[in-house]
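What follows is each chain in one-letter form.
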Amino acid sequence: MDVQGNGRLFVTATGVPGARIQLYLNDTLIAPGSIGPDGRATFTIGRGIKPGQYQVRIDQVDPATGKVASRAAVPLSVPEPAQVAARETAEPAPLPAQSSARDHGGPDRAARDGAERDRPAASPPAAVSNPQMADMAEPNRVGAVYVPEISTARITRGDNLWRISQRTYGRGERYTVIYDANQNQIRDPDLIYPGQIFVLPNDKRG
């Protein structure tokens, strides 16, 4: 999966037109949406995705009951900027298209392999994060959702939930907001570890 260096993330989902869906990041609700008439929905997070390990999840919700009807989840690993630069420097330039096709079994096989890579998953909702698949040219298209920014915290030595809550919400006792949103990573509120990435939801309690 891909995310841009400025922390911008694109997520595309496919499903039944009109279906209600919800985008989650590390079990934190980011935004609701719906599948457009063309069977696609796109979510754009403008910035805020820091290096680390995430899970991107899309739930399809039954409008009558509000319960989850189906679910798709994929891991997302965001490397450090220095690692991206080192990898790009080390990778050789791609071969010309004709040579690449010949070396991998001819143009027919190359085209077939490319089609298989681009084919969306069959079972809705299928979630894919890829800038090339997002409908960036049509931000107002039905099924397109734009989230300007999310807030995340990467845990460093000496951090605790109280201090993170104090910095984020201005009140240390709001640490329960962070705990509730990241329970898949936090077994004990007193035990968090350097390198963990927590999504920090808006504290609507004021």
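What counts and what doesn't
Residues numbered from 1 in each chain as written. Predicted model: local features only at pLDDT ≥ 70, side-chain atom pairs only at ≥ 80, totals over all residues. Heavy atoms only, no water. Helix = DSSP H or I, 4+ residues; strand = E, 2+ residues; numbered from the N terminus. Pairing = 2+ DSSP bridges. Axes fitted to C-alpha atoms, helices over the stretch in contact; angles between N-to-C directions. pLDDT = per-residue confidence, 0-100. Contact = heavy atoms within 4.5 Å. Buried < 20%, exposed > 50% of the residue type's maximum accessible area, 1.4 Å probe, protein only. Salt bridge = Lys/Arg side-chain N within 4 Å of Asp/Glu carboxyl O. Core = buried A, V, L, I, M, F, W, Y, C linked by side-chain atoms within 4.5 Å. Phe/Tyr/Trp six-rings, centres within 6.5 Å; stacked < 30°, edge-to-face > 60°. Lys NZ or Arg CZ within 6 Å of the ring centre and 35° of its normal.

(A) A look at unusual backbone geometry. Even without a glycine there, the phi angle at N26 is positive, about 50°. Locating N26 in the fold gives a position in the loop between β2 (20–25) and β3 (28–34).

(B) Looking closely at the sheet that holds β3. With respect to topology, four strands assemble into an open sheet ordered β3-β2-β5-β6, the strand pairing being antiparallel. The sheet terminates laterally at β3 and β6 (68–78), the two strands that pair on one side only. Direction aside, neighbouring strands of the sheet carry axes that sit 20° apart on average. Where β2 and β3 come together, six bridges link them in antiparallel fashion. Each residue of the ladder has a partner; that of L25, found in β3, is T28.

(C) Up close: the confidence of the model for the chain. Averaged over all residues, the pLDDT of the chain is 76; the fraction at 70 or higher stands at 67%. Confidence drops under pLDDT 50 across residues 93–124; counting only partners more than four residues distant or on other chains, this segment forms 14 contacts. Predicted confidence for residues 129–137 stays below pLDDT 50, and this span has 21 contacts to residues more than four positions away or in other chains.

(D) Highlighting the pairing of β2. Of all six residues in β2, five are buried; the element is thus mostly enclosed. The antiparallel hairpin formed by β2 and β3 contains two residues in its connecting segment, where N26 sits at a positive phi of about 50°. One ladder, built from six bridges, connects β2 with strand β5 (residues 52–61); its direction is antiparallel. Counted as the bridge partner of L23 is I58 from β5.

(E) The pattern of salt bridges, seen in detail. In the structure shown here, the tally under the stated rule is seven salt bridges. As a salt-bridge pair, D27 and R57 come within 2.6 Å of each other at their nearest N and O atoms. Here D27 is found in the loop between β2 and β3, whereas its partner R57 is found in strand β5, with 30 residues between them in sequence. We classify D27 as partly exposed; its relative accessible area is 30%. Its salt-bridge partner being D59, residue R71 comes within 2.7 Å of it at the nearest N-O pair. Taken together, the residues span a long stretch of sequence, with R71 in strand β6 and D59 in strand β5 at a distance of twelve residues.

(F) Layout of the side chain of N182. Tracing the backbone shows N182 in the loop between α5 (175–181) and β10 (197–199). Using a relative accessible area of 0% as the deciding quantity, one classes N182 as buried. Apart from residues lying up to four places away in sequence, N182 is in contact with N26, T28, I197, F198 and V199.

(G) The arrangement of the nonpolar core in detail. Counting 25 residues, the largest nonpolar core has L23, L25, I30, F43, I45 and I49 as the members making the most contacts within it. When contributions to this core are tallied by element, the ones reaching two or more residues are β1 (9–14), β2, β3, β4 (40–45), β5, β6, β8 (144–147) and β10. Those residues within four positions of I30 in sequence are excluded, and the remaining contacts are L23, Y24, L25, I45, V147, I150 and V199.

(H) View of the packing of aromatic side chains. One pass over the structure, following the stated rule, counts one aromatic pair. Arranged with centres 6.4 Å apart and planes meeting at 35°, the rings of W162 and Y175 form a pair that is tilted. In this pair, W162 sits in helix α4 (residues 161–169) while Y175 sits in helix α5, placing the two residues 13 residues apart along the sequence. Using a relative accessible area of 29% as the deciding quantity, one classes Y175 as partly exposed. In this arrangement the basic side chain of R57 is found over the ring face of Y24, its NZ or CZ atom lying 4.0 Å from the centre.

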